[in-house]
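Read off the chains here:
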Amino acid sequence: MNPLSSTLLFSLLLLLTLRIQELIEACSCAPAHPQQQICDSALVIRAKISSEKVIAPSEDPLHTHKMIRYEIKQIKMFKGFEKLKDVQYVFTPFDSSLCGVKLEANNKKQYLLTGQILDDGKVLIHLCNYIEPWDDLTLSQKKSLNQRYQMGCGCKISTCYTVPCSITTPNECLWTDWLIERKLYGHQAKHYACIKRSDGTCSWYRGGPASEKEFLDITEP
């Protein structure tokens, strides 16, 4: 092998190695219906971002990586009352590879923030949480935040990627956006909640206007 070929081969191997490393280090989140993300979160609030500050590990011994501390103005709390009354700061990893979240700190844009509450009372958010600009939420999603989503936290939401796709337990709802629209966060994610009935079974509840679309597992409670 001549020197030029050796150099080209080495360069290709180096690029491949770096690409594999990027994939290994990249943030990866399993698909989840917004309701499931709300149920899995300890805290759910509506807030504005006032400012941001990068916190080095040396400034906080509890953090091993550089963090961003967002100062927020809480507008409304939907979940987390038993642990916190008013949230002033939320923390997220600085690096996107560690699932860090980048938010607009202009004190204008409002967000729906969900996250976890650490033992020391700090709130941690990351890309696998349900974090959306408030204006991007549908009316049905906004109404569901008050109680409807949490009424279905005992239900199981299963994602359908292929057919056949059927219910395996009575407390299960089938999430079929991918089958119908070829995208996960489609009409069903934006307008429906999986609610537990008095007999213990679960079914989709449509919180907004009637839709022309039909799902595999939809009945009104």
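Just above sits the structure.
Please read these numbers as outputs of a predicted model, since none were measured by experiment. (Residues numbered from 1 in each chain as written. Predicted model: local features only at pLDDT ≥ 70, side-chain atom pairs only at ≥ 80, totals over all residues. Heavy atoms only, no water.)

Enquirer: Help me out: how do you make sense of the overall build of the chain in this one?
Expert: Within the chain, the secondary structure is distributed over five helices and 10 strands. Residue burial in the chain is summarised as follows: out of 221 residues, 37% are buried. Here the contacts in the chain between residues at least 6 apart in sequence split such that 58% fall between residues at least 24 apart. (Helix = DSSP H or I, 4+ residues; strand = E, 2+ residues; numbered from the N terminus. Buried < 20%, exposed > 50% of the residue type's maximum accessible area, 1.4 Å probe, protein only. Contact = heavy atoms within 4.5 Å.)

Enquirer: How do you make sense of the state of the cysteines when you look at a structure like this?
Expert: In a disulfide, the sulfur atoms of two cysteines are held together by a covalent bond. Scanning the model with the defined rule gives six disulfides in all. The disulfide partner of cysteine 27 is cysteine 99, and the S-S distance across this bridge is 1.9 Å. Disulfide cysteine 27-cysteine 99: the torsion about the S-S bond is 100°, which places it as right-handed. Taken together, the residues span a long stretch of sequence, with cysteine 27 in the loop between α1 (3–25) and α2 (34–40) and cysteine 99 in the loop between β3 (89–93) and β4 (110–117) at a distance of 72 residues. (Disulfide = S-S within 2.5 Å.)

Enquirer: I'm lost on the nonpolar core in this one. Help?
Expert: One recurring pattern in soluble globular proteins is that nonpolar side chains are buried together. In terms of nonpolar packing, the biggest core is built from 20 residues, with Ile45, Ile72, Val87, Leu103 and Leu113 touching the most fellow members. For this core, the secondary-structure elements that each account for two or more residues are β1 (43–55), β2 (67–79) and β4. Aside from chain neighbours lying at most four places away, what touches isoleucine 72 is Ile45, Ala47, Lys48, Ile49, Ser50, Val87, Gln88, Tyr89 and Val90. Val44, Tyr130, Trp134 and Tyr149 belong to the second-largest nonpolar core, a separate cluster that totals 11 residues. (Core = buried A, V, L, I, M, F, W, Y, C linked by side-chain atoms within 4.5 Å.)

Enquirer: How should the layout of surface pockets be read in this particular structure?
Expert: Picture a little ball the size of a water molecule; that probe, rolled over the atoms, points out where space is still empty. In this structure, the largest pocket occupies an estimated 180 Å³ of space. Those elements giving two or more residues to the lining of the largest pocket turn out to be α2 and α5 (187–191). Of the residues assigned to the lining of the largest pocket, the class counts are six nonpolar, four polar and three charged. (1 Å grid on protein atoms, 1.4 Å probe; cavity = no way out; pocket = protein on both sides within 12 Å on 5 of 7 lines; lining within 4 Å. Points joined across faces, edges and corners; volume = space filled by probe spheres on them. Nonpolar A, V, L, I, M, F, W, Y, C, P; charged D, E, K, R; others polar.)

Enquirer: How should the environment of alanine 42 be read in this particular structure?
Expert: With respect to the element layout, alanine 42 can be found in the loop between α2 and β1. For alanine 42 and lysine 83, which are 41 residues apart along the polypeptide, the C-alpha to C-alpha distance reads 8.8 Å. The contacts of alanine 42, once residues within four sequence positions are left out, are Lys79, Gly80, Gly115, Gln116 and Ile117.

Enquirer: Looking at this model, I keep getting lost on the side chain of serine 158. Mind explaining?
Expert: Within the element layout of this structure, serine 158 appears in strand β7 (residues 156–159). Polar side-chain contacts of serine 158 include one of 2.5 Å to the side chain of glutamate 172. Discounting chain neighbours no more than four positions away, the residues touching serine 158 are Glu172, Cys173, Leu174 and Trp175. (Polar contact = N/O pair within 3.5 Å; in protein donor to acceptor, adjacent residues only side chain to side chain.)

Enquirer: Could you clarify how one ought to interpret the pattern of salt bridges in this entry?
Expert: Where charged atoms of side chains with opposite charge meet at close range, the side chains can pair. Counted under the stated rule, the structure contains two salt bridges. Glutamate 104 serves as the salt-bridge partner of lysine 109, at 3.3 Å between the closest nitrogen and oxygen. You can call glutamate 104 partly exposed: its relative accessible area is 39%. The partner of glutamate 181 in a salt bridge is lysine 183, with the nearest N and O atoms 4.0 Å apart. Relative accessible area serves as the criterion here: at 23%, glutamate 181 is assigned to the partly exposed category. Residue lysine 183 is classed as partly exposed on the basis of its relative accessible area of 40%. (Salt bridge = Lys/Arg side-chain N within 4 Å of Asp/Glu carboxyl O.)

Enquirer: Please clarify how unusual backbone geometry should be interpreted in this entry.
Expert: Trans peptide bonds make up most of the peptide bonds, and negative phi angles are found at most residues other than glycine. A cis amide bond links valine 163 with the next residue in sequence, proline 164, at an omega value of 0°. Looking at the element boundaries, proline 164 is found in the loop between β7 and β8 (172–175). Positioned with a positive phi, arginine 182 is a non-glycine residue whose angle comes to about 60°. Tracing the backbone through its elements, the reader meets arginine 182 in the loop between α4 (177–181) and α5. Overall, the relative accessible area of 53% leaves arginine 182 in the exposed class.

Enquirer: Looking at this structure, how should I read the environment of lysine 190?
Expert: Secondary-structure assignment places lysine 190 in helix α5. Classification of lysine 190 by relative accessible area gives partly exposed; the value is 35%. It is 9.8 Å that separates the C-alpha atoms of lysine 190 and lysine 142, two residues lying 48 residues apart in sequence. Excluding residues within four positions of it along the chain, lysine 190 makes contact with Thr138, Ser140, Gln141 and Tyr185.

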